[in-house]
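Listed below, chain by chain, are the residues.
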Amino acid sequence: SFGLAYLAAFLAALIPLKFYRDKRDPAINVREIYRFTLPVLLAVLSISLLMDGPTLLIKHFYSAEFTGCWNASLNVARIILFLGASTSMVMFAKISHSGDPVEKEKLFRKSLVSFVWISLVLSSLFFLFSVEILTLLFGPLYSQGAVLLKWMGFAVSLITILHLRMSYRLGMTSSYNDLTP
């Protein structure tokens, strides 16, 4: 679903690179671009799998009612992922541009601390007002998913911290070989 859409868009984005490869411009190293796309693709697919994999299992093994409550809770909890993704995009751009490793580490720590505070506030709001949030956004039938939303905010926060860390590692590197610890 989402993972396949990311894969299709990612592969479509590689098509324009064929023009540069055929041009043989020495200033543009297309091989490095291709080598860097593999870790980016793996990072996007792994986050997609962590977010959407459980939904596929729940859809298969549980009732439609429970699946609906799960999806409603997950959609609300994804607010944390979207905020974290915006933080990691800004951090990635700044880290990729910076040449100083100390400055890069400082930017990562600053991004991590700011995101942890934001996610703690949102997760706490989800925990305290889960019934009200689901009822307001989806109606009273989905308020049964409040138990899920209480803990899903914290789980999505952990996945987003992983996303932030992966973006940091991608910003620090210029090729796939640099990603190995």
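Residues numbered from 1 in each chain as written. Predicted model: local features only at pLDDT ≥ 70, side-chain atom pairs only at ≥ 80, totals over all residues. Heavy atoms only, no water.

## Let's talk about the side chain of Ser130
Line of reasoning, step 1. With respect to the helices and strands, Ser130 occurs in helix 6 (residues 130-138).
Line of reasoning, step 2. When residues no more than four places from it in sequence are discounted, the contact partners of Ser130 are Leu125, Ala146, Leu149 and Lys150. (Helix = DSSP H or I, 4+ residues; strand = E, 2+ residues; numbered from the N terminus. Contact = heavy atoms within 4.5 Å.)

## A closer look at helix 6
Line of reasoning, step 1. Buried within helix 6 are the following residues: Ser130, Ile133 and Leu134. Along the axis of helix 6, the buried positions cluster into a sector of 90°, meaning they face one direction only.
Line of reasoning, step 2. Looking at the buried side of helix 6, the elements it contacts are helix 4 (64-97), helix 5 (101-128) and helix 7 (146-172).
Line of reasoning, step 3. One or two residues past the end of helix 6 sits Gly139, with phi positive at roughly 105°. (Buried < 20%, exposed > 50% of the residue type's maximum accessible area, 1.4 Å probe, protein only. Arc of directions from axis to C-beta.)

## Comments concerning the confidence of the model for the protein
Line of reasoning, step 1. Across the protein, pLDDT averages 82, with 86% of residues at or above 70.
Line of reasoning, step 2. When pLDDT is averaged over each helix and strand of the protein, the minimum, 66, is found for helix 2 (residues 17-23) and the maximum, 94, for helix 6.
Line of reasoning, step 3. For the stretch residues 175-181, pLDDT sits under 50, and the model shows 15 contacts to residues farther than four places along the chain or on other chains. (pLDDT = per-residue confidence, 0-100.)

## Points about the pattern of salt bridges
Line of reasoning, step 1. All told, the structure shown has two salt bridges when counted by the stated rule.
Line of reasoning, step 2. With a shortest N-O distance of 2.6 Å, Asp52 and Arg78 are connected by a salt bridge. You can see Asp52 sitting in helix 3 (residues 30-61) and its partner Arg78 sitting in helix 4, a full 26 residues away along the chain. Across the pair, exposure class does not vary: Asp52 and Arg78 are buried alike.
Line of reasoning, step 3. Between Glu105 and Arg109 there is a salt bridge whose closest N-O contact spans 3.2 Å. Taken as a pair, Glu105 and Arg109 lie in helix 5 at a separation of four residues, close to a single helical turn. (Salt bridge = Lys/Arg side-chain N within 4 Å of Asp/Glu carboxyl O.)

## Describing the nonpolar core
Line of reasoning, step 1. Formed by 32 residues in total, the largest nonpolar core has its most connected members in Met51, Leu149, Met152 and Val156.
Line of reasoning, step 2. Put simply, the parts of the chain that give this core at least two residues each are helix 3, helix 4, helix 5, helix 6 and helix 7.
Line of reasoning, step 3. Beyond its immediate sequence surroundings of up to four residues, Val156 is in contact with Met51, Leu74, Ala77, Ile80 and Leu81. (Core = buried A, V, L, I, M, F, W, Y, C linked by side-chain atoms within 4.5 Å.)

## Some words on the packing of helix 5 against helix 7
A pair of packed helices can be characterised by two numbers: the angle between their axes and the separation between those axes.
Line of reasoning, step 1. Running from N to C, helix 5 and helix 7 point in directions that differ by 165°, and their axes come no closer than 9 Å. When the axis of helix 5 is compared with that of helix 7, the two are roughly antiparallel. Viewed along their axes, helix 5 and helix 7 form a crossing whose handedness is right-handed. (Axes fitted to C-alpha atoms, helices over the stretch in contact; angles between N-to-C directions. Parallel < 35°, antiparallel > 145°, perpendicular 65-115°, else oblique. Left-handed = near helix turned anticlockwise from the far one by under 90°.)

## Remarks on the packing of aromatic side chains
Line of reasoning, step 1. Applying the stated criterion across every chain yields a total of six aromatic pairs.
Line of reasoning, step 2. Pairing Phe108 with Tyr168 gives two aromatic rings, centres 4.3 Å apart and planes at 25°, and the pair type is stacked. Note that Phe108 is positioned in helix 5 and Tyr168 in helix 7, a separation of 60 residues in sequence.
Line of reasoning, step 3. Take Tyr168: its relative accessible area is 5%, and that puts it in the buried class.
Line of reasoning, step 4. Through a chain of ring-to-ring contacts, three or more aromatic side chains come together here, namely Phe127, Trp151 and Phe154. (Phe/Tyr/Trp six-rings, centres within 6.5 Å; stacked < 30°, edge-to-face > 60°.)

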